[in-house]
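Spelled out from the first residue to the last, the chains are:
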Amino acid sequence: MKHISILVFNEAVPASIVDPRYMFTAINQFLQDAGEDPAFNVQLIGLKKEIPLHNGVFYVHTDALISDTPKTDLIIIPALSGDIYAALEANKAMIPWIVEQHQRGAEVASLCIGAFLLAATGLLNGKKCSTHWLFANEFRTLFPDVTLTDGSIVTDEQGLYSSGGANSYWNLLLHLVEKYTSRTMAIKASKFFAIEIDRKSQSPFIMFNGQKKHEDEPIKQAQEFIEKNVTEKISIEDLAVKFAIGRRHFERRFKKATNNTPSEYIQRVKIEAAKKQLENTRKNVNEVMYDVGYADTKAFRTIFKKVTGLSPVEYRNKYNKEMMMA
């Protein structure tokens, strides 16, 4: 039987504590109903017996303290809430225990922006990780030695697991169920919890807002120029000249400030504008394509799918209510 430790700590999202507990205890019930032994011993683990969440709106009673848990097989790190920096500081006392357990053979799974706490252990250095797309820039700033996989729902790095944004953690839980039990049990769980199994990407949900939390003012001005001229064909050479920076130097500064090359940034701005039109208007794909400055249908469709994981038609059909009812 695998021992699962679901961490309970300050600033944790309550649902990301309750949901994994529900998942693994449900699997135990499924197994028992089939005449098999339960697979998991699930415990809520913390530094104290009673832990307040959301400024005392909720209280969680732990099953055991980390000091009383010398060995576990899987650690679940719930999502963080509130100010990330404050949350990391408030929960740094958890880190030595997580590291020690991993060194003893325990696997560790972070849910959503629980990835920040997992990365703070140093265990992810030189490895890949997923987290909520909205916090990608902050993650890269805090943990430059970790490779963030944009758009991924689940990342599995040699017993260190992470999930994408929000409800994506259900897919990670299914992944763990399949690993520890069987594909059959994972399918049963996916049907019981109404989860789309094997969902790979959170790309369709990403809203690109531009990365402007940096101090390079000319690059910030270049970003704003790109965003205000989404219908225009903008070249990197023109941007470099406009902001009086040599092209190669401009490209290096742009990448350093935004984590995108200028070409990638231009593409993402245009695709974000296209997405909004596909969501909210009855324009056809070609009309939208021209509105965001593309003339090559194949190129537009290829870039759109690369960014969102869906074709323009699939995206419109998924998110445009009028088109769904047509």
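The following refers to the structure shown. Here the structure is a predicted model, which means the values were calculated and not measured.

Moving on, we come to the nonpolar core. With 70 residues, the main nonpolar core has M23 and F24 as its most contacted residues. Not counting residues within four places of it along the chain, the set of residues in contact with M23 comprises W170, L173, L174, V177, A189, F193 and I195. I219, A222, I226 and A240 belong to the second-largest nonpolar core, a separate cluster that totals 17 residues.

Another aspect to go through is the sheet that holds strand β6 (residues 74-77). Read across the open sheet, the seven strands follow the order β5-β2-β1-β6-β7-β11-β10; overall the sheet is mixed. Each having just a single partner strand, β5 (64-65) and β10 (154-157) make up the two edges of the open sheet. Sheet topology places strand β1 (residues 2-8) next to β6; three bridges connect them, and they run parallel. Within β6, the residue paired with I6 across the bridge is I76. Its contacts with the sheet put helix α1 (residues 15-33) on β1, β2 (40-46) and β6, and the angle it makes with β2 is roughly 160°. Across the sheet, helix α3 (residues 95-103) is in contact with β1, β6, β7 (107-110) and β11 (160-163); its angle to β6 comes to roughly 150°.

With that settled, the discussion passes to the pairing of β2. Within β2, five of the seven residues are buried, which leaves the element mostly enclosed by the surrounding structure. As defined by bridge partners, β1 adjoins β2 across seven bridges and the pair is classed as parallel. When the bridges of β2 are listed, I4 appears paired with V42. A crossover links β1 with its parallel partner β2, the connecting element being α1, and its sense is right-handed.

What follows is about the pattern of salt bridges. Inspection of every chain in the model, using the stated rule, returns 10 salt bridges. Residue R183 is joined to E178 by a salt bridge in which the shortest nitrogen-to-oxygen separation is 3.1 Å. Each of E237, R247 and E251 takes part in one network of salt bridges that share partners.

Here the focus is the environment of K318. Within the secondary structure, K318 is located in helix α14 (residues 312-319). Sequence separation between K318 and E279 is 39 residues, and the spatial gap between their C-alpha atoms is 8.6 Å.

Here is what the cut-offs are and how they apply
- Residues numbered from 1 in each chain as written.
- Predicted model: local features only at pLDDT ≥ 70, side-chain atom pairs only at ≥ 80, totals over all residues.
- Heavy atoms only, no water.
- Core = buried A, V, L, I, M, F, W, Y, C linked by side-chain atoms within 4.5 Å.
- Buried < 20%, exposed > 50% of the residue type's maximum accessible area, 1.4 Å probe, protein only.
- Contact = heavy atoms within 4.5 Å.
- Pairing = 2+ DSSP bridges.
- Helix = DSSP H or I, 4+ residues; strand = E, 2+ residues; numbered from the N terminus.
- Axes fitted to C-alpha atoms, helices over the stretch in contact; angles between N-to-C directions.
- Right-handed = clockwise from strand over helix to strand, strands pointing away.
- Salt bridge = Lys/Arg side-chain N within 4 Å of Asp/Glu carboxyl O.

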